[in-house]
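If you want the building blocks of each chain, they are given just below.
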Amino acid sequence: MPDESAPAAAAAPVPHKRRPRYSGKNPRRFEEKYKEHDPERYREAVAKILASGKTPAGTHRPIMVAEILEVLAPQPGEIAADCTLGYGGHAREILQKISPGGHLLGLDADPIELPKTEARLRALGFGPETFSAHRSNFAGLPQVLVSVAAVYDRRKSAKKMRRSQTAATAATGADLILADLGVSSMQIDDPARGFSVKHEGPLDMRMNPQRGQPASAWLQKIAPTALAELLAENSDEPHAAVLAPALAGKSFSTTRQLAAAIRATLPRLGPDDADLTVRRVFQALRIAVNDEFSALDTFLRNLPVCLNPGGRMAILTFHSGEDRRVKKAFVAGLREGVYAEISPKVIRPTAEEIHGNPRSAPAKLRWARRSGAAN
Ligand SMILES: C[S@@+](CC[C@H](N)C(=O)[O-])C[C@H]1O[C@@H](n2cnc3c(N)ncnc32)[C@H](O)[C@@H]1O
């Protein structure tokens, strides 16, 4: 939470940063793509990359923005929580709609990307009254809402503000909540984070590299039976029984070493099936290393207390393990009267969006509305 009472610091001179050196005409490596890492400055170059259906390095393209805005229906003065802030694409759109008078809490587990996103949103003019960034797992949303309310309450009494002067005084509950699950393109595309099947990098996969253990250490410790169960549960892996004994307890320090071992274990698979299998194993490992399902289960359990009466909630999922959990929680909430309404069916991206951004293809959107009348 930024110190909102501190005076703005005088602009420090920006130190000169030498452009990364690369061989050939165009940069190929993630860290060398300096134009893509600075889309505001190199708009034309970045527009060409976007038009080709690719995601510029170090950025993320928000998915199903129009659909999400329609179901969340953000209004001026409302409190919003973007529980997976990422690059801030959805947050930026929501911030525009809740201004003036609203406040968006942006949560993300990633300590590397969060400060960059906070700086980008600040540079767009969203000050601390309107936007606060929180390095937090979304399982801790209730605590974050309480901490924000406490800050505003202290300031309110210090400045003797009337309740109507700041919407964020009511931040113990949110009027709208968004979660766009999984990893961002910044995380996937950066070889140093070790999520990528495509690039060589350390086998890490942690959204927060300051906590827990990297995928390499995790794989080394797990027993074959536990790994077989996990591959089936986390990514519906049909070859789980064969893959588990070949991978569990082994030491793979890099992404390519693991991918090669998966392919070598299933030599009869065609290239497309082998690629899909590698992707599924990577997904299952990522879910396990980041304990994604237990965070999602806690989040879904906490949601009703985090939403104000009449509040709206939207969740974007990217595989069946996530979607099953969201659907089950929403259906149970509707039955128990916690939710007044839920999405009658899943909403998918348009063919046009999938064509323009193939990474949107697996997305599924579900929404729910908390029972009770809005304030
Ligand atoms: C798909 S990206 C979100 C992109 C974002 N909507 C945008 O428009 O840029 C998912 C983000 O959620 C974060 N994340 C995933 N699981 C999380 C969790 N349990 N708690 C907090 N952040 C999480 C990831 O670090 C990543 O930045």
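Please read all numbers here as calculations on a predicted model, not as lab measurements. (Residues numbered from 1 in each chain as written. Predicted model: local features only at pLDDT ≥ 70, side-chain atom pairs only at ≥ 80, totals over all residues. Heavy atoms only, no water.)

Caption draft 1: Spatial organisation of unusual backbone geometry. Residues S99 and P100 are joined by a peptide bond in cis, for which omega reads 0°. On the secondary structure map, P100 appears in the loop between helix 3 (89–98) and strand 2 (103–108). The phi dihedral of A73 falls on the positive side, at around 45°, and the residue is not glycine. Under the relative-accessibility criterion, A73 is labelled partly exposed at 30%. Positive phi is not limited to glycine here, since D236 has a value of about 45°. Tracing the backbone shows D236 in the loop between helix 8 (224–235) and helix 9 (240–247). (Helix = DSSP H or I, 4+ residues; strand = E, 2+ residues; numbered from the N terminus. Buried < 20%, exposed > 50% of the residue type's maximum accessible area, 1.4 Å probe, protein only.)

Caption draft 2: Highlighting the sheet that holds strand 5 (residues 307–317). Spatial ordering of the open sheet is given by 3-2-1-4-5-7-6, a layout of seven strands whose pairing is mixed. Each of the sheet's edge strands pairs with one partner strand only, and the pair in question is strand 3 (131–135) and strand 6 (339–342). Within this sheet the neighbouring strands show an average axis-to-axis angle of 15°, counted without direction. As paired elements, strand 1 (residues 79–82) and strand 4 (residues 174–180) share three bridges and run parallel to each other. Counterpart to A81 in the pairing with strand 4 is I177. (Pairing = 2+ DSSP bridges. Axes fitted to C-alpha atoms, helices over the stretch in contact; angles between N-to-C directions.)

Caption draft 3: Here's a closer look at the pairing of strand 7 (residues 364–370). Bridging between strand 5 and strand 7 involves six bridges; their strand directions are antiparallel. Within the sheet, the bridge partner assigned to R312 lies in strand 7 and is R369. Relative to strand 7, strand 6 runs antiparallel, the two being bridged by three bridges. Along strand 7, the bridge assignment pairs I342 with A368.

Caption draft 4: Quick look at the site of the ligand. In the vicinity of the ligand lie 24 residues, with Y87, H90, D108, F138 and D180 positioned nearest. Y87 is positioned such that a nitrogen or oxygen atom in its backbone is 2.8 Å from an oxygen atom of the ligand. D108 places a polar side-chain atom, nitrogen or oxygen, 2.6 Å from an oxygen atom of the ligand. Within the complex, 97% of the 600 Å² of free accessible area of the ligand lies under protein. Split by residue class, the shell around the ligand holds ten nonpolar, eleven polar and three charged. (Near = heavy atom within 4 Å. Polar contact = N/O pair within 3.5 Å; in protein donor to acceptor, adjacent residues only side chain to side chain. Areas by Shrake-Rupley, 256 points an atom, 1.4 Å probe, with all protein chains shown as cover. Nonpolar A, V, L, I, M, F, W, Y, C, P; charged D, E, K, R; others polar.)

Caption draft 5: How the structure looks around the packing of helix 9 against helix 10 (residues 255–265). As a packed pair, helix 9 and helix 10 sit with axes 10 Å apart at the nearest point and diverge in direction by 130°. Classified by the interaxial angle, the pair formed by helix 9 and helix 10 is oblique. The two elements helix 9 and helix 10 meet at a crossing, and its hand is right-handed. Each of V242, L243, A246 and L247 in helix 9 lies in contact with helix 10, whose residues at this interface are L258, A261, I262 and T265. (Parallel < 35°, antiparallel > 145°, perpendicular 65-115°, else oblique. Left-handed = near helix turned anticlockwise from the far one by under 90°. Contact = heavy atoms within 4.5 Å.)

Caption draft 6: Just the environment of I98, in detail. Locating I98 in the fold gives a position in helix 3. Here I98 falls in the buried class, since its relative accessible area comes to 0%. When the C-alpha positions of I98 and A80 are compared, they lie 8.0 Å apart, and in sequence the two are 18 residues distant. Discounting chain neighbours no more than four positions away, the residues touching I98 are P74, Q75, P76, G77, E78, A80, H103 and L104.

Caption draft 7: Seen up close, the side chain of R366. Tracing the backbone through its elements, the reader meets R366 in strand 7. Ignoring anything within four residues of it in the chain, the contact list for R366 reads M313, A314, I315, D323, V326, K327, F330, S343, K345 and V346.

Caption draft 8: Summary view of the nonpolar core. Counting 30 residues, the largest nonpolar core has W218, L219, L227, L247, L258 and I262 as its most contacted members. Sort the elements by how many residues they give to this core and helix 11 (residues 271–289) lands first, with seven residues. (Core = buried A, V, L, I, M, F, W, Y, C linked by side-chain atoms within 4.5 Å.)

Caption draft 9: Fine view of the pairing of strand 3. Burial of strand 3 is extensive: four of the five residues sit out of reach of the surface. Judged from the five bridges that link them, strand 2 and strand 3 form a sheet pairing that is parallel. Its bridge partner being in strand 3, G106 is matched across the sheet by A133.

Caption draft 10: Main features of the packing of helix 12 (residues 292–306) against helix 13 (residues 320–335). Look at helix 12 against helix 13: their axes get within 10 Å of each other, and the N-to-C directions meet at 20°. Between helix 12 and helix 13, the angle is such that the two are roughly parallel. Along this stretch, helix 12 crosses helix 13, giving a crossing that reads as right-handed. In this structure, helix 12 contributes E292, F293, L296, D297, L300 and L303 to the contact, and helix 13 contributes G321, E322, R325, V326, A329 and F330. Among the residues making up the contact of helix 12 with helix 13, the classes are represented as seven nonpolar, one polar and four charged.

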